[in-house]
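Secondary and tertiary structure notes
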Amino acid sequence: MAAPFLERGTRTLPESEFVVAQSLDRDWFSPDQAKRLIEVAVGEGVLERTEAGLAPTFDLAGVEVPEDFAPDESLLRERSTFERLLDALTDAGVEKQTAVAETNRLQSDLAITLEAAAVLYATRQGVDVADLAERARQEL
C-alpha cells in the first residue's frame, strides 16, 4: 500500500493515480484488481478516503519497498467480520482453537449468528470489539 505514496512523495493520492501506480507503473495488479485493492484496504482500515484522495492510515516513515517485492493476490480478499473478531481475540492472547470452539458453543447454545457469538465471547474475555460489533450488527 505504501509504494505509490512513497514513489510520489506524498501522503495523499487521487484514486486514479493509486490505480495507475499499482497496475501500470508496477504491473502488480490489473486496473480492476487495483480498484478492488482500494476497497479492501479502505474496509480493512489501511487506507482512508479524504477530500484530497486516498491516504494511508499508517506511518510511511520507515517503510521500505524492496525492489523485487511483488504483492500476493490474496490481498484482494477482504477478511470477514468473524475473521476480524478472531484476529482481535488472538491478538489479545486467546488461543485460536479456544476462541473458535467457544464461539461455536455460544452460537449453538444461544441460537445466534457466528459473529454475534464471537462479539459476546470477546466481550466476556475483556476484548474491546465495539467497532466490530457495530459492523456485525450492520451486516444483520
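Going by the structure above, here's the rest.
Here's what I pulled together on the structure shown here. Please read all numbers here as calculations on a predicted model, not as lab measurements.

Conventions used here
Residues numbered from 1 in each chain as written. Predicted model: local features only at pLDDT ≥ 70, side-chain atom pairs only at ≥ 80, totals over all residues. Heavy atoms only, no water. Helix = DSSP H or I, 4+ residues; strand = E, 2+ residues; numbered from the N terminus. Rg over C-alpha atoms; globule rule 2.2 N^0.38 Å. Buried < 20%, exposed > 50% of the residue type's maximum accessible area, 1.4 Å probe, protein only. Contact = heavy atoms within 4.5 Å. Salt bridge = Lys/Arg side-chain N within 4 Å of Asp/Glu carboxyl O. Pairing = 2+ DSSP bridges. Expected span 1.5 Å × (residues − 1). Arc of directions from axis to C-beta. Polar contact = N/O pair within 3.5 Å; in protein donor to acceptor, adjacent residues only side chain to side chain.

This next bit is on the overall build of the protein. A count of helical and extended segments in the protein gives 7 helices and 2 strands. In the protein, the order of α-helices and β-strands from amino to carboxyl end is α-α-α-β-β-α-α-α-α. For 140 residues, the compact-globule estimate of 2.2 N^0.38 gives 14 Å, and the protein exceeds it by more than 25% at 18 Å. With respect to the principal axes defined by its C-alpha atoms, the protein has extents near 55 × 30 × 25 Å. For the protein, with 140 residues in total, the buried portion stands at 32%. Intrachain contacts of the protein at a sequence separation of at least 6 include 54% that bridge at least 24 residues.

All chains considered together, the criterion is met by 14 salt bridges. One salt bridge in this structure joins Glu17 and Arg8, with 3.3 Å as the shortest N-O distance. Note on Glu17: relative accessible area 33%, which makes it partly exposed. Its relative accessible area of 31% is what places Arg8 among the partly exposed residues.

What follows is about the pairing of strand β1 (residues 47-50). Bridging between β1 and strand β2 (residues 53-56) involves 4 bridges; their strand directions are antiparallel. Bridged to Glu48 within β2 is Ala55. The hairpin formed by β1 and β2 contains 2 residues between the paired strands.

This next bit is on helix α5 (residues 96-110). Note that an α-helix has 3.6 residues per turn; residues three or four places apart therefore point the same way. Taking 1.5 Å of rise per residue, 15 residues should cover 21 Å, and α5 covers 21 Å from first to last C-alpha, within 8% of that figure. Looking at α5, one finds that the buried residues are Ala99, Thr103 and Leu106. The buried residues of α5 occupy one face: seen down the axis, they fall within an arc of 65°. Projecting away from the buried face of α5 at angles above 90 degrees are the exposed residues Gln97, Ser108 and Asp109. In this structure, the buried residues of α5 make contact with α4 (81-91) and α6 (114-124).

Of note in this structure, Asp27 is not a glycine but carries a positive phi near 60°. Looking at the element boundaries, Asp27 is found in the loop between α2 (15-25) and α3 (31-44). Residue classification places Asp27 among the exposed positions, given a relative accessible area of 63%. With phi around 55°, Ala111 is a residue other than glycine that occupies positive phi space. Mapped onto the elements, Ala111 comes out in the loop between α5 and α6.

Mapping Thr81 onto the fold places it in helix α4. For Thr81, a relative accessible area of 3% gives the class buried. At a separation of 3.0 Å, a polar atom in the side chain of Thr81 contacts the side chain of Arg135. At a separation of 2.5 Å, a polar atom in the side chain of Thr81 contacts the side chain of Glu139. Setting aside its immediate chain neighbours within four residues, Thr81 contacts Glu115, Leu132, Arg135, Ala136 and Glu139.

Any functional reading would require information that these geometric values do not contain.
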